[in-house]
Amino acid sequence: MASADVAAVSSRHSATPQVNRHKADWRGWKFMWPFAVVFVFVFIIPIVYAIYISFFKKQMIGGTRFVGVENYARLLGDQQFWSSVGRVALFTVVQVPIMLFLAAAMALALDSMKLHGTKFFRISTFLPYAVPAVVSTLIWGFVYGAKYGLVGSLNGALGTHLDMFAPNVLLASIGNINTWEFTGYNMLIFYSSLSTIPHSLYEAASIDGASEWQIVKSIKLPELKGSLAITVIFSIIGSFQLFNEPSILQNMVPGNAITTYYTPNMYAYNLSFSGNQSNYAAALAIVMAVITMAIAYAVQLNSMKEQMK
């Protein structure tokens, strides 16, 4: 009887179909396809199309013709393009460290648990990020106005002649707008990273006699390395895409301080929509994308090496 039961069980196991573990499982794509379709249509196809039209040139006589890498060769000798690249590079080198330093300082202040009204402080510092860039630029444009704004009122009260739209300080004025907009956003990234540190580490350090500065230096700052890499990469990408602020201030700034090629994005925009040179603008956009990705990738590699030490 026992042998019959064993035989029946073994026969049932042998009848069970074997699952091919090496067969591809496509069930995950059923959840991915809505995003994948949108991603392909709004990201992949425009990039491919921009690369495609960058190899052509539109002429008054003869229409559009294939020119190969002529647009890219022209771009290498375009002084207006390289001056705009140098301007955003200077903007990045100066503005990004200041913004991230302020964001890290505010995150450390919030994490210290010694501030009164931390919820209000957190919301108020993040609020400028929620304001659209166009509105933020208009607000600061009226603040900077030497005749009608806050700066003009201060000049009248103090007898000064401060001009925030002067060509030698204009880039710093735009940097101040960007810092006001994005410091709170980066602060929340730093603060969320600090929130993952177990409080037992702080207690152990206090028992060992560590001061507040030693806790910050030995525990908190090392924890910020990962989030610092993310914020640096995002800030570099945002700086090289600078467009809204100078484009809006262009009508407020007297003279020709903000030219049509003030930033690479402004140059591409004006070439495409005002100069009827969409093919050359596409080549410019592709080159800027490559430059930005190369810098961001170098920052990421350097961050990974630092974290592996």
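Predicted model, so just to flag it, every value in this text is computed and none were measured.

Summing up its helical and strand segments, the chain has 14 helices and 2 strands in all. In terms of C-alpha radius of gyration, the chain reaches 28 Å, well past the compact-globule figure of 19 Å for 309 residues. By its C-alpha atoms, the chain is 110 × 75 × 35 Å across when sized along the principal axes. Looking at the chain as a whole, 34% of its 309 residues qualify as buried. Long-range contacts, defined as pairs at least 24 residues apart, comprise 66% of the intrachain contacts of the chain with a sequence gap of at least 6. On the chain, roughly 19,500 Å² of surface is accessible, and the fraction owed to carbon and sulfur atoms is 68%. Side chains of the chain carry 19 positive and 13 negative charges; the gap between the two charge centres is 9 Å.

This brings us to the packing of aromatic side chains. Taken as a whole and judged by the stated rule, the model has 15 aromatic pairs. Judged by centre distance (5.5 Å) and plane angle (45°), the rings of Phe 126 and Tyr 129 are tilted. Of this pair, Phe 126 and Tyr 129 both sit in helix H5 (residues 118-130), separated by 3 residues, roughly a single helical turn. Grouped by ring-pair contacts, the aromatic residues Phe 126, Tyr 129, Phe 182 and Tyr 185 constitute a single cluster. Arg 74 extends its terminal NZ or CZ atom over the ring of Tyr 280, reaching a point 3.7 Å from the ring centre. Residue placement shows Arg 87 over the ring face of Tyr 262; its charged tip is 4.6 Å from the ring centre.

A few words on the environment of Phe 120. Summarising the element assignment, Phe 120 is placed in helix H5. The class of Phe 120 is exposed, set by a relative accessible area of 66%. Once the C-alpha coordinates of Phe 120 and Trp 180 are considered, the two residues, 60 residues apart in sequence, prove to be 17 Å apart.

With that settled, consider the nonpolar core. Counting 41 residues, the largest nonpolar core has Phe 81, Met 187, Phe 190 and Leu 284 as its most contacted members. A total of 12 residues in this core trace back to one element, the largest contributor, which is helix H4 (residues 79-111). Ignoring any residue separated from it by four or fewer positions in sequence, one finds Met 187 in contact with Ala 103, Met 106, Ala 107, Leu 110, Arg 122 and Thr 125. With 16 residues, the next largest nonpolar core counts Phe 91, Ile 177, Val 253 and Tyr 262 among its residues.

With phi around 55°, Asn 276 is a residue other than glycine that occupies positive phi space. Its place among the elements puts Asn 276 in the loop between helix H13 (264-273) and helix H14 (278-308). Judged by its relative accessible area of 52%, Asn 276 is exposed.

So, about the side chain of Ser 173. Considering the arrangement of structural elements, one finds Ser 173 in helix H8 (residues 170-194). For Ser 173, the side chain forms a polar contact with the main-chain oxygen of Met 164, separated by 2.7 Å.

A word on H8. Taking 1.5 Å of rise per residue, the 25 residues of H8 would be expected to cover 36 Å, and the 35 Å separating its terminal C-alpha atoms lies within 8% of that figure. Taken as a whole, H8 carries its principal kink of about 40° at Phe 182. Most of H8 sits out of view: 18 of its 25 residues are buried.

Per the counting criterion, the structure on display carries 2 salt bridges. Note that Lys 57 is salt-bridged to Glu 70, the shortest N-O span being 3.3 Å. Linking Lys 57 in strand S1 (residues 56-59) with Glu 70 in helix H3 (residues 70-76), this pair joins segments that are 13 residues apart in sequence. With a shortest N-O distance of 3.1 Å, Lys 220 and Asp 111 are connected by a salt bridge. With Lys 220 in helix H10 (residues 212-223) and Asp 111 in helix H4, the pair connects residues that are 109 residues apart, well separated along the chain. The pair Lys 220 / Asp 111 is uniform in exposure class, with both members buried.

Take the environment of Phe 101 next. Of note, Phe 101 is situated in helix H4. Distance in space between the C-alpha atoms of Phe 101 and Ser 274 is 39 Å, their sequence separation being 173 residues.

Rules used throughout
- Residues numbered from 1 in each chain as written.
- Predicted model: local features only at pLDDT ≥ 70, side-chain atom pairs only at ≥ 80, totals over all residues.
- Heavy atoms only, no water.
- Helix = DSSP H or I, 4+ residues; strand = E, 2+ residues; numbered from the N terminus.
- Rg over C-alpha atoms; globule rule 2.2 N^0.38 Å.
- Buried < 20%, exposed > 50% of the residue type's maximum accessible area, 1.4 Å probe, protein only.
- Contact = heavy atoms within 4.5 Å.
- Areas by Shrake-Rupley, 256 points an atom, 1.4 Å probe, with all protein chains shown as cover.
- Lys, Arg positive; Asp, Glu negative; His and termini not counted.
- Charge placed at Lys NZ, Arg CZ, Asp CG, Glu CD.
- Phe/Tyr/Trp six-rings, centres within 6.5 Å; stacked < 30°, edge-to-face > 60°.
- Lys NZ or Arg CZ within 6 Å of the ring centre and 35° of its normal.
- Core = buried A, V, L, I, M, F, W, Y, C linked by side-chain atoms within 4.5 Å.
- Polar contact = N/O pair within 3.5 Å; in protein donor to acceptor, adjacent residues only side chain to side chain.
- Expected span 1.5 Å × (residues − 1).
- Bend = angle between axes of the 7 residues up to and from the residue.
- Salt bridge = Lys/Arg side-chain N within 4 Å of Asp/Glu carboxyl O.

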